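Fold and geometry: a report
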Amino acid sequence: MKRAVYPGSFDPVTYGHLDIIKRASEIFDVLIVSVLNNKGKTPLFSVEERVKILKEATKELPNVQVDSFSGLLIDYAAENDLHIAVRGLRAITDFEYELQIAQTNRKLSNGNLDTIFLTTSLEYAYLSSSSVKEIAYFGGDISQCVPDFVAKKINEKFNSNL
Ligand code: PNS
């Protein structure tokens, strides 16, 4: 059975991530979407909230599981017997960063963790979680960026922080 992990911050998940999740779920038997618990960052949503949002957003995809991890991806992958990471590439600007992470992971895992890239569908190539948060922060319309229930949660966060 081919399993893969799609790691990320997903703060919050966007239509760009969901496009990658759907397409990767058609390639692998099981896709584990795993939220990084990055203690060095102050996220908009807690890991628990992000996991809950991802579960709701992927509920129609039966072979997608949602999890979280802390520390190095290679350690999480080894503990869970995962050997393929999936990442999305939006543009050439993503490439250098992603290439470096992929090569580091392959080297540090002694070849046990490889990365495959899916190119984000063109209609979502402009999207990032950071821009979604900024647009929402300034009261802009994020309905084309994230599912409605996610937009509602983002707006609630910003309204409660006022
Ligand atoms: O959604 P993001 O923030 O672009 O995802 C980045 C992520 C989570 C894939 C990457 O930062 C990661 O795997 N972090 C875990 C720590 C790690 O393994 N670092 C080594 C690679 S240099």
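Preceding block: the structure.
The rules behind each value
Residues numbered from 1 in each chain as written. Predicted model: local features only at pLDDT ≥ 70, side-chain atom pairs only at ≥ 80, totals over all residues. Heavy atoms only, no water. Patch = residues over 30% accessible without salt bridge, like charges linked within 9 Å, V, L, I, M, F, W, Y side chains within 5 Å. Areas by Shrake-Rupley, 256 points an atom, 1.4 Å probe, with all protein chains shown as cover. Salt bridge = Lys/Arg side-chain N within 4 Å of Asp/Glu carboxyl O. Helix = DSSP H or I, 4+ residues; strand = E, 2+ residues; numbered from the N terminus. Buried < 20%, exposed > 50% of the residue type's maximum accessible area, 1.4 Å probe, protein only. Arc of directions from axis to C-beta. Contact = heavy atoms within 4.5 Å. Core = buried A, V, L, I, M, F, W, Y, C linked by side-chain atoms within 4.5 Å. Near = heavy atom within 4 Å. Polar contact = N/O pair within 3.5 Å; in protein donor to acceptor, adjacent residues only side chain to side chain. Nonpolar A, V, L, I, M, F, W, Y, C, P; charged D, E, K, R; others polar.

Looking now at a nonpolar patch on the surface. Side chains of Ile-92, Phe-95 and Leu-99 sit close together on the surface and give an oily, nonpolar patch of about 290 Å² of accessible area. Mapped onto the fold, Leu-99 is located in helix α4 (residues 92-108). Since its relative accessible area comes to 31%, Leu-99 is described here as partly exposed.

When helix α5 (residues 129-137) is considered as a whole, its buried residues turn out to be Ser-129, Val-132 and Ala-136. Burial along α5 is one-sided: seen end-on, the buried residues are contained in an arc of 60°. Turned more than 90 degrees away from the buried face of α5 sit Ser-130, Glu-134 and Tyr-137, all of them exposed. Turning to α5, the residues buried within the fold contact α1 (15-27) and α6 (148-160).

Counting residues in hydrophobic clusters, the biggest one holds 34 residues, and the most contacted among them are Ile-21, Leu-31, Leu-54, Val-86, Ile-142, Val-146 and Ile-154. Other than its neighbours up to four places away in sequence, Ile-142 contacts Val-132, Ile-135, Ala-136, Ala-151 and Ile-154. Core analysis: the second largest hydrophobic core is formed by eleven residues, Val-5, Ile-32, Leu-73 and Leu-113 among them.

All residues adjacent to the ligand are Pro-7, Gly-8, Ser-9, Leu-36, Phe-69, Gly-71, Leu-72, Leu-73, Arg-87, Tyr-97, Ile-101 and Asn-105. Between Ser-9 and the ligand, the recorded distance is 2.6 Å, taken from a side-chain N or O atom to an oxygen atom. A distance of 2.9 Å separates an oxygen atom of the ligand from a polar side-chain atom of Arg-87. Here the ligand, which alone exposes 560 Å², has 74% of that area covered by the protein. Broken down by element, the shell around the ligand gets its largest block of residues, three residues, from α4. By residue class, the composition of the shell around the ligand is seven nonpolar, four polar and one charged.

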